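Examining the three-dimensional arrangement
What follows is the residue order along each chain.
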Amino acid sequence: MAMSLALLASAVSTALGASGDTNRFVALQLKVTATEVTLMQALQFPGKAKPEPKRQGLDYVILTAEGTVVSRGSIENPRFERACTEEQPGSGILTQSTSTLEEAITVLRLPVDPTADSIEFFKSPDSGASPTQAPQFLGKVSLKTP
Amino acid sequence: MHARESITAFGTKLLLAVALLLSPVCSWAQPPISTVLSNGPTGKRINIVFLSEGYTADELEQFRRDATNTANSLLTVAPFDGYRGYFNAYAIAVASVESGSDHPSTGIARNTYFKSTYESYGTAQLLTIPPNNRDSSYANGQGKVTALLNQFMPEWDVVVLVVNDTEYGGAGGQFMTVSKHASAPEIARHELGHSFAGLGDEYSTPYPGYPNSEEPNTTRETNRNAVKWKAWIDPETPVPTPAGSTTAASVGLFEGAHYNATGWYRPKNSCKMRTLGTTYCEVCQETLVKSIYSRIGTIQGQAPTSLLANLVAASSRSFQVETPAPQDRSLKVRWTFNGTQLTNTTTNLLIGAAQLAVGTNTIRVDVTDDTTMVRSDPSDYLHDSQTWKVVVAPGAQLRLLAPTLLGDGRMVFNVSGRAPSGFQIQASANFATWTNLVSSGPLDGSITLTNPLLPGSLVGFRTIATQ
Ligand SMILES: [Zn+2]
């Protein structure tokens, strides 16, 4: 994780949480493996981060410095490389070509929020999983400049 | 500002911000981005970005035509056709040294910008860019896409790499790839269901290891009252629903979905998320419409921007909201003034001074898309509201006591009452024209004022509150 934080520091002049301007967003470039989510790069942009559809795969929780939940969300796990193709071209009948990657990279965009301190990632639980079962923790990324 | 100018200016500003990070792609003879479809500011529209892969410099005009055709084909099917005006589309044209894409099994290797290849991970149709099983370098493929998006369109919503190769193939995910095969637009529409709305596959081909979690259009629930799309199921439709000619047009609970032939259910026997060449089913259309509004809302701006106005005295006020508009109708606008619904259904409202009461006045507007394509919207994506409060201070009330004449010819006035902005004492010789004698600042109580020497022959005095 130390490496992730160093990259964040070098790449972002004003990271998420450092500005109260709501018309800005931060793009987190994340490397995802089966057991870990780490930050490759974070960049801040003017404009609006539109909400993405809820996808099962990776859940995240944005926290304040005191540990209060700011917001939650989920994104598709980029490790599942999937292409839906026809069994025979022109048949219309779909099948999938898939591959589960060792590691993959995705971009998560979030509105700048001055109260946000960190983001934690978890593997989405199966829909049939017990609610008491703790989700698998995959990593934590600081959203503050050191 | 013209949309094209807007893009250029935005790209230039961003260039300065991230130039150190994007040195490989930060200087162009001319910006490679062009507008394919422009319907509004990037922050208020859904932005589709096409990138060229396997197009030589001489073929980039063809890429722009291909991007335009692909955009049109994506937006000509329901529900997108009714919301075409909610989308922008852009083409980022970067030249490859050679045309086409790699076909490893036949020894075809093309020198292309994003280094795309068919046959990824051993699957003939899987058309990907690095990192993949043939090139693990993120910087060679997806890294270039990300850098271009950061530079030219960071507010992207849908990204499509158009690969200049007619072989059947493509891939989903955050950055979709499509080839120029005749089936490509239909595959792209299907993949858009995944990436744009989080729809699941409704077909049954096994995918061991795929997350075992439901999507908006897939479920394991068989209790009719608990099925998430129950609003679409007629009471006479059996649940689970047998596939057959009598149920072909029905929404129900059809077995086979989410890569499972049994135990998982889909809303309709046929849907674009199961079979190409068909429409999106009602439940998938509903999800797509909600996904549109979850991104851009029904109210995109308001005037006045301040939600609270404090008025010393009532004056007419106008209110306005900015809304997107589907192709064939306007969104439903409802204004409420102090709890009473008004007949005005336009996006502008004028409240006259006489209508504003002393105290707090509340003006609320609700904007809703009442499309029949959405029957269940628990998150209220298709509705936004805006409330303004206008506080009108009590009006000025002044009382002028009988003036006392001083020996030097001046007069002493005693004024009591309330005048938040101040007041004047005026005098008249004929009760027709009035002359200001003394001005005062705000008053809330009483005050004694003495005027300068009076002109002669005055017959009356009065106080006037300053507005
Ligand atoms: Zn469907």
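Note on numbering: residues in each chain are counted from 1, in written sequence order. Ligands are numbered from 1 and chains lettered from A, in the order in which they are written. Local features in a predicted model are, by the rule used here, given only for residues with pLDDT of at least 70; side-chain atom pairs are given and counted only at 80 or more, and totals for whole chains, interfaces and linings are based on all residues. Derived side-chain values reflect all non-hydrogen atoms in the structure, with water molecules and hydrogen atoms excluded from consideration.

1. Here we look at the overall build of chain B
Stated precisely, the cut-off is as follows: Numbering of helices and strands starts at the N terminus; helices are DSSP runs of H or I of at least 4 residues and strands are runs of E of at least 2. Values of the radius of gyration come from C-alpha atoms, whereas the globule rule sets the reference at 2.2 Å times the count of residues to the power 0.38. Type-normalised accessible area, obtained with a 1.4 Å probe on protein chains alone, sets the label of each residue: buried when under 20%, exposed when over 50%, and partly exposed for intermediate values. Contacts were defined at the residue level, with two residues in contact if any of their heavy atoms lie within 4.5 Å. The protein chains shown are the only cover counted for residues, whose accessible areas, like all others here, come from Shrake-Rupley with a 1.4 Å probe. Counting rule for charge: Lys and Arg are taken as positive, Asp and Glu as negative, and neither His nor the chain ends is counted. We put the charge of a Lys on NZ, of an Arg on CZ, of an Asp on CG and of a Glu on CD.
Counting secondary structure elements, chain B contains five helices and 23 strands. For chain B, whose C-alpha radius of gyration is 34 Å, the value lies well above the compact-globule estimate of 23 Å for 467 residues. The proportion of buried residues among the 467 residues of chain B is 48%. Across chain B, contacts joining residues at least 24 apart in sequence account for 62% of those joining residues at least 6 apart. If you sum the accessible surface of chain B, you get close to 20000 Å²; carbon and sulfur atoms cover 51% of it. Side chains of chain B give 34 positive and 37 negative charges; the mean places of these two sets differ by 9 Å.

2. Points about the sheet that holds strand β1 (residues 24-33) of chain A
All names here are of chain A. Test applied: The pairing criterion is simple: DSSP has to find at least two bridges between the two strands. To get an axis, fit a line to the C-alpha atoms, keeping to the stretch in contact for a helix; angles then go from 0 to 180 degrees between the N-to-C directions.
Read from one edge of the open sheet, three strands run β2-β1-β7, paired in antiparallel fashion. Both outer strands of the open sheet, β2 (37-46) and β7 (103-111), are each paired with one neighbouring strand and no more. Taken pair by pair, the neighbouring strands of this sheet meet at an average axis angle of 20 degrees, ignoring direction. One ladder, built from nine bridges, connects β1 with β2; its direction is antiparallel. Within β2, the position partnered with L28 by the bridge is A42.

3. With respect to the sheet that holds strand β8 (residues 118-123) of chain A
Residue and element names in this part refer to chain A. Spatially, the four strands line up as an open sheet ordered β4-β3-β8-β9, and their pairing is antiparallel. At either margin of the open sheet sits one strand with a lone partner, and together these are β4 (69-76) and β9 (137-142). The average angle at which neighbouring strand axes cross in this sheet is 20 degrees, direction not considered. Bridging between strand β3 (residues 57-63) and β8 involves six bridges; their strand directions are antiparallel. Following the sheet pairing, D59 is matched in β8 by F122.

4. Section: the side chain of N132 of chain B
Residues and elements named next belong to chain B. The condition is simple: Definition of a polar contact: a pair of N or O atoms within 3.5 Å, with one able to donate and the other able to accept a hydrogen when the atoms are protein atoms, and with sequence-neighbouring residues admitted only if both atoms are side-chain atoms.
Position of N132 among the secondary structure elements: in the loop between β3 (87-92) and α3 (142-152). At 2.9 Å, the side chain of N132 forms a polar contact with the side chain of T128. Each residue touching N132, except ones within four places of it in the same chain, is listed here: T117 and Y121.

5. With respect to the interface of chain A and chain B
Where interface size is quoted, it is often the accessible area lost as the parts come together. The criterion, for reference: Once two parts are put together, the accessible area they lose, assessed with a 1.4 Å probe and summed over both, is termed the buried area. Take a side-chain nitrogen of Lys or Arg and a carboxyl oxygen of Asp or Glu: if they are within 4 Å of each other, that pair is a salt bridge.
Opposite the 45 residues of chain A that make contact, chain B presents 58 residues. Contact between chain A and chain B buries roughly 4300 Å² in total, counting both sides, with carbon and sulfur atoms accounting for 54%. The largest share of the area that chain A buries against chain B comes from K50, R82 and L94 of chain A, three residues that together contribute 16% of it. Joining chain A to chain B, the criterion identifies one salt bridge.

6. Re the coordination of the zinc ion
All names here are of chain B. Note the following rule: Distances decide who is a donor: an N, O or S atom must be within 2.8 Å of the metal, or within 3.2 Å for Na, K and Ca. Water is not included, so sites may look incomplete. Tetrahedral means four donors with every angle between 85 and 135 degrees, whereas square planar (four donors) and octahedral (six donors) require angles over 155 degrees between opposite donors and between 65 and 115 for all others; sites fitting neither are termed irregular.
Here the zinc ion is held by the protein donor atoms E202 (OE), C271 (SG), C281 (SG) and C284 (SG), which lie 2.0 to 2.4 Å from it. If you look at the zinc ion, its four donor atoms make angles of 94 to 131 degrees with each other, and the shape they trace is tetrahedral. Read from N- to C-terminus, the donor residues coordinating the zinc ion fall into the pattern E-x68-C-x9-C-x2-C. In this pair, C271 is assigned in the loop between β8 (260-268) and α5 (282-296) and C284 in helix α5, connecting sequence segments 13 residues apart.

7. As for the domain arrangement of chain B
Residue and element names in this part refer to chain B. Spelled out, the test is: What marks off one domain from the next here is an automatic or database domain assignment.
For chain B, the assigned domains read domain 1 (3-197), domain 2 (224-281), domain 3 (297-393) and domain 4 (396-465). Each partner contributes to the interface: domain 1 provides twelve residues, whereas domain 2 provides six residues. Between domain 1 and domain 2 lies a buried interface of about 670 Å² when both sides are counted; carbon and sulfur atoms form 65% of it. Broken down residue by residue, the surface that domain 1 buries against domain 2 is led by E186, R189 and H190, which jointly contribute 60%. One can count one salt bridge joining domain 1 with domain 2. Between K272 and E186 there is a salt bridge, and its shortest N-O distance comes to 2.6 Å.

8. Some details on the nonpolar core
Residues and elements named next belong to chain B. Worth spelling out the cut-off: What we call a nonpolar core is a set of buried Ala, Val, Leu, Ile, Met, Phe, Trp, Tyr and Cys residues that are connected through their side-chain atoms within 4.5 Å.
Counting residues in hydrophobic clusters, the biggest one holds 67 residues, and the most contacted among them are F50, F80, F87, F196, I292, W335 and I363. Ranked by residue count, the leading element in this core is α5, at seven residues. Apart from the residues lying within four places of it in its own chain, the contact partners of F87 are L37, N39, R45, I46, I48, L75, F80, F196 and I292.

9. A short note on the packing of helix α4 (residues 184-197) of chain B against α5 of chain B
All names here are of chain B. Quick reminder of the rule: Any angle between 65 and 115 degrees counts as roughly perpendicular, while under 35 counts as roughly parallel, over 145 as roughly antiparallel, and the rest as oblique. Note: crossing handedness is left-handed where the near helix turns anticlockwise from the far helix by less than a right angle, and right-handed where it turns clockwise. Note on residue classes: Ala, Val, Leu, Ile, Met, Phe, Trp, Tyr, Cys and Pro are nonpolar, Asp, Glu, Lys and Arg are charged, and everything else, Gly too, is polar.
The interhelical angle for the contact between α4 and α5, taken along N-to-C directions, is 45 degrees, at an axis separation of 10 Å. Classed by the angle they form, the pair α4 and α5 counts as oblique. As α4 packs across α5, the resulting crossing turns out to be left-handed. For the pair α4 and α5, the contacting residues are G193, S195, F196 and A197 in the first and T287, L288, S291, I292 and R295 in the second. Residues belonging to the contact of α4 with α5 are distributed by class as follows: four nonpolar, four polar and one charged.

10. Some words on the confidence of the model for chain A
The line we're drawing: The score called pLDDT rates the predictor's confidence residue by residue, from a low of 0 to a high of 100.
Summary statistics for chain A give a mean pLDDT of 78 and a share of 80% for residues scoring 70 or more. For residues 1-21 of chain A, every residue scores under 50 in pLDDT, and the model assigns this stretch 47 contacts once sequence neighbours within four places are set aside.

11. Structural notes on the pattern of salt bridges
Pairing between side chains of opposite charge can happen when the charged atoms of each approach one another. Taken as a whole and judged by the stated rule, the model has 14 salt bridges over all chains. Taking the shortest distance from any N to any O, the salt bridge between K31 of chain A and E103 of chain A comes out at 3.9 Å. Taken together, the residues K31 of chain A in strand β1 and E103 of chain A in strand β7 connect sequence positions 72 residues apart. Residue K31 of chain A is classed as partly exposed on the basis of its relative accessible area, which comes to 28%. Across the salt bridge formed by K44 of chain B and E322 of chain B, the nearest N and O atoms sit 2.8 Å from each other. On the criterion of sequence distance, the pair formed by K44 of chain B in the loop between β1 (33-37) and β2 (46-53) and E322 of chain B in strand β11 (residues 317-322) is long-range, its members being 278 residues apart.

12. Remarks on the packing of aromatic side chains
The test is simple: Whether two aromatic rings pair depends on their centres lying within 6.5 Å, for rings of Phe, Tyr and Trp, where Trp uses its six-membered ring; planes under 30 degrees apart make the pair stacked, over 60 edge-to-face, and the rest tilted. Charge-over-ring contacts are defined here by two conditions on Lys NZ or Arg CZ: a distance within 6 Å of the ring centre and an angle within 35 degrees of the ring normal.
According to the stated counting rule, one finds 19 aromatic pairs over all chains in the structure shown. With 6.1 Å between their ring centres and 65 degrees between their planes, F80 of chain B and F196 of chain B make a pair best called edge-to-face. One end of the pair, F80 of chain B, is in the loop between α2 (60-74) and β3; the other, F196 of chain B, is in helix α4, and 116 residues separate them in sequence. One exposure class covers both F80 of chain B and F196 of chain B, and it is buried. Measuring from ring centre to ring centre gives 5.8 Å for Y203 of chain B and Y259 of chain B, while their planes differ by 70 degrees; the resulting arrangement is edge-to-face. Placement of the pair is Y203 of chain B in the loop between α4 and β7 (251-257) and Y259 of chain B in the loop between β7 and β8, with a sequence separation of 56 residues. Here Y203 of chain B falls in the buried class, since its relative accessible area comes to 3%. Grouping aromatic residues by their ring pairs yields a cluster made of F80 of chain A together with Y203, Y207 and Y259 of chain B. Above the face of the Y113 of chain B ring, K144 of chain B is positioned so that its terminal group lies 4.8 Å from the ring centre. For the cation-ring pair, K272 of chain B lies above Y280 of chain B, with the distance from its terminal atom to the ring centre recorded as 5.5 Å.

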